[in-house]
Amino acid sequence: MIFTPDYYREFHCRASACPDPCCRAGWQIPIDEKTYKFYLSAIADIEDNTEVSDGERIFKTRPGGECRYFRSDGLCDIYIKTGGRLCEICEKYPRFFEEYEGFTEAGLSVSCPTAAALILQKTADCYTGLERSSPDPLLQLLADSRRRASKMIFSERDPDEAAKKLIGFGADLQELIDLKMTDKAGELEFLPMELIPAEEMAAARKYLAENTEALSPEWKPALLAPPKRQGSAVQRRNYLQYLNYRYFLKAINSGNVYAQCAAAVFLYCLAGELPFDYEKNVMTVSRELEHSAENMALLTEMVG
Ligand code: SF4
């Protein structure tokens, strides 16, 4: 069974009406073997427009990062030529899937502007179905704790206060895990910690500008621009809930729930001060950081 947030099935790709198509994001898109075999028989120029990188067949891009099959009318030439036969990654995007011991979760990535708009405007709690059952006691503890954190975020009027409580909760929970006192986790209260001070945020943005590889030419100037206060309370709360949903359980792999909460809160703070409108801030942070394992590792190390 795959668990999803309530908005999951509401998503529909805007295709040629999309304001910022994923096909122009500059990503390296691997093509699965089965689809590539089909493309070899169906698309005459497929070998010219793809290449092998790190052992994977990927689409070549034009200067600026646009997929070579992206047409000037905003449609995908492969989709048209094959009657809609996309490779697995293009077919699934912006859906993501996480497999855990005992259950699988899916969601929509806010790197897609349509998914970001859908998620950020929700007024109801879309994460009410977070009960999970796992044979792994640590995973079960994390899942139960994440459910409590999600409820806290939704019920807190000020999302900044919720972010402070999330990071404090992560720190306290990690301490219990380290002390092997996880039987006390259900009694933990949400005690706030300070958000990242302005001068530390400025230093972190500068560090990211110097150390991350940019997909978009707008990324580094945006990081170095003076901070702006962006986003309504509803948008910021929904983004924080999304981050909590997406990152809390990854502590089962990283071994550090505090670092996961700190990374989530850093992304929350960063999207709140970039110079675009809030939806674009969230999308940009996701494209540049969330979709790069190296950048996320850098970030978790920086804040953890
Ligand atoms: S970014 Fe989202 S809405 Fe836009 S083309 Fe890609 S999947 Fe469709």
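Calculation notes
Residues numbered from 1 in each chain as written. Predicted model: local features only at pLDDT ≥ 70, side-chain atom pairs only at ≥ 80, totals over all residues. Helix = DSSP H or I, 4+ residues; strand = E, 2+ residues; numbered from the N terminus. Rg over C-alpha atoms; globule rule 2.2 N^0.38 Å. Buried ≥ 20, exposed ≤ 12 C-beta atoms within 10 Å, placed from the backbone. Contact = placed C-beta atoms within 7 Å. Axes fitted to C-alpha atoms, helices over the stretch in contact; angles between N-to-C directions. Parallel < 35°, antiparallel > 145°, perpendicular 65-115°, else oblique. Left-handed = near helix turned anticlockwise from the far one by under 90°. Domains from an automatic or database assignment. Pairing = 2+ DSSP bridges. Core = buried A, V, L, I, M, F, W, Y, C linked by C-beta atoms within 7 Å. Near = placed C-beta within 6 Å. Nonpolar A, V, L, I, M, F, W, Y, C, P; charged D, E, K, R; others polar.

Participant: Please explain the overall build of the chain as it appears in this structure.
Facilitator: Helix and strand counts for the chain stand at 13 helices and 5 strands. Relative to a compact globule of 304 residues, whose C-alpha radius of gyration would be 19 Å, the chain shows 20 Å and is just as compact. For the C-alpha atoms alone, the extent of the chain along its principal axes is close to 65 × 45 × 35 Å. Evaluated residue by residue, the chain yields a buried proportion of 36% over its 304 residues. When contacts within the chain are restricted to residue pairs at least 6 apart in sequence, long-range pairs at least 24 apart make up 70% of them.

Participant: Just to check I follow, could you spell out the packing of helix 9 (residues 233-247) against helix 11 (residues 257-271) for this structure?
Facilitator: Packed helix pairs are characterised by how far apart their axes lie and by the angle those axes make with each other. The interhelical angle for the contact between helix 9 and helix 11, taken along N-to-C directions, is 150°, at an axis separation of 9 Å. Classified by the angle between their axes, helix 9 and helix 11 sit roughly antiparallel to one another. You can see that helix 9 and helix 11 cross each other, and the crossing is right-handed. Along its contact with helix 9, which presents Y239, L240, L243, N244 and Y247, the element helix 11 presents Q260, A263, A264, L267, Y268 and A271.

Participant: Explain the domain arrangement of the chain to me, please; I cannot follow it from the model alone.
Facilitator: As a measure of interface size, the accessible area lost when the parts come together is often cited. On domain assignment, one finds that the chain holds domain 1 (30-80) and domain 2 (131-303). Using C-alpha coordinates to define each centre, domain 1 is positioned 34 Å away from domain 2.

Participant: Would you mind going over the pairing of strand 4 (residues 95-100) with me for this structure?
Facilitator: It is a general feature of regular strands that their side chains alternate between the two faces of the sheet. Where strand 4 lies against strand 5 (residues 103-108), 6 bridges are found, and the strand directions are antiparallel. In the sheet register, E98 faces strand 5, and the bridge partner there is E105.

Participant: Before we go on, may I ask you to explain the sheet that holds strand 4 in this structure?
Facilitator: Strand order in this open sheet of 3 strands is 1-5-4, and the pairing throughout is mixed. Of all the strands in the sheet, just strand 1 (2-3) and strand 4 have a single pairing partner and so form its edges.

Participant: I'm lost on the nonpolar core in this one. Help?
Facilitator: General note: in soluble globular proteins, nonpolar side chains tend to be found buried as a group. In this structure, L166, V265, F266, L267 and Y268 are the most contacted members of the largest nonpolar core, which totals 69 residues. When residues of this core are traced back to their parent elements, those giving at least two are helix 4 (113-120), helix 5 (137-155), helix 6 (159-178), helix 8 (219-224), helix 9, helix 11, helix 12 (278-290) and helix 13 (293-303). If one sorts the elements of this core by residue count, helix 11 sits on top with 14 residues. Shared between two domains, this core holds at least three residues of each, these being domain 1 (30-80) and domain 2 (131-303).

Participant: Honestly, the site of the ligand in this entry has me stumped. Any pointers?
Facilitator: Every residue lining the ligand is accounted for by C13, R14, A15, C18, P21, C22, Y93, P94, C112, P113 and T114. Across the shell around the ligand, the residue classes break down as 9 nonpolar, 1 polar and 1 charged.

Participant: What is the right way to look at the environment of A264 in this model?
Facilitator: If you trace the backbone, A264 turns up in helix 11. For A264, a count of 26 C-beta atoms within 10 Å gives the class buried.

Participant: How should unusual backbone geometry be read in this particular structure?
Facilitator: Across residues other than glycine, the phi torsion is negative in most instances, and most of the peptide bonds are trans. Note the cis peptide between Y93 and P94, where omega equals 10°. By the element assignment, P94 lies in the loop between helix 3 (88-92) and strand 4. Although it is not a glycine, A15 sits at a positive phi angle of roughly 45°. Take A15: it is sitting in the loop between strand 1 and helix 1 (33-42). By the C-beta count within 10 Å, which is 12 here, A15 ends up exposed. We note that D54 has phi near 50°; this positive angle belongs to a residue other than glycine. When you line up the elements, D54 lands in the loop between strand 2 (50-53) and strand 3 (56-59). Overall, the presence of 7 C-beta atoms within 10 Å leaves D54 in the exposed class.

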